[in-house]
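For reference, the chains in residue letters:
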Amino acid sequence: ALKITDECINCDVCAPECPNGAISQGEETYVIDPNLCTECVGHYETSQCVEVCPVDCIIKDPDHQETEEELRAKYERLIGGG
Ligand code: SF4
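Residues numbered from 1 in each chain as written. Predicted model: local features only at pLDDT ≥ 70, side-chain atom pairs only at ≥ 80, totals over all residues. Heavy atoms only, no water.

Asker: How should I be thinking about the environment of Thr38 in this particular structure?
Answerer: If you trace the backbone, Thr38 turns up in the loop between strand E3 (30-32) and helix H1 (48-52). Taking the C-alpha atoms as reference points, Thr38 and Glu68, 30 residues apart in sequence, are found 8.9 Å from one another. Those residues in contact with Thr38 that sit more than four places away from it in its chain are Asn20, His43, Leu71, Lys74, Tyr75 and Leu78. (Helix = DSSP H or I, 4+ residues; strand = E, 2+ residues; numbered from the N terminus. Contact = heavy atoms within 4.5 Å.)

As structure tokens, this is what we get:
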């Protein structure tokens, strides 16, 4: 999964771009739900939030490191509804 750092300026550019609806406004900054984030695997070649963030504050979440295969499996689960 990806993670938004505290550099976030709460611009709301990233949330509408997320195909998984994983991004929402948190208490201090925008946040990514690691259970929903596939890093855009299954949807796009690149992580869309990373592409659009004006301050480059979206990184790989060190606490939720996943392989391409794991991300794809998550994508399959999410679209399968289970
Ligand atoms: Fe924060 Fe970047 Fe998303 Fe803007 S695009 S809300 S700065 S994470």
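More follows now that the structure is in view.
Asker: Looking at this structure, how should I read the site of the ligand?
Answerer: Looking at the ligand, there are 13 residues lining it, with Cys8, Cys11, Asp12, Cys14 and Cys53 nearest. A class-by-class count of the residues in the shell around the ligand yields 11 nonpolar, one polar and one charged. (Near = heavy atom within 4 Å. Nonpolar A, V, L, I, M, F, W, Y, C, P; charged D, E, K, R; others polar.)

Asker: Please clarify how the side chain of Glu39 should be interpreted in this entry.
Answerer: Following the sequence through the fold, Glu39 ends up in the loop between E3 and H1. A distance of 3.0 Å separates a polar atom in the side chain of Glu39 from the backbone nitrogen of Ala1. Excluding residues that lie within four positions of it along the chain, Glu39 makes contacts with Ala1, Leu2, Ser47, Lys60, Glu66 and Leu71. (Polar contact = N/O pair within 3.5 Å; in protein donor to acceptor, adjacent residues only side chain to side chain.)

Asker: How do you make sense of unusual backbone geometry when you look at a structure like this?
Answerer: A negative phi holds for most residues other than glycine; trans holds for most peptide bonds. Non-glycine residue Asp12 carries a positive phi angle of around 70°. Mapping Asp12 onto the fold places it in the loop between strand E1 (2-4) and strand E2 (23-25). Exposure remark for Asp12: the relative accessible area of 36% places this residue in the partly exposed category. (Buried < 20%, exposed > 50% of the residue type's maximum accessible area, 1.4 Å probe, protein only.)

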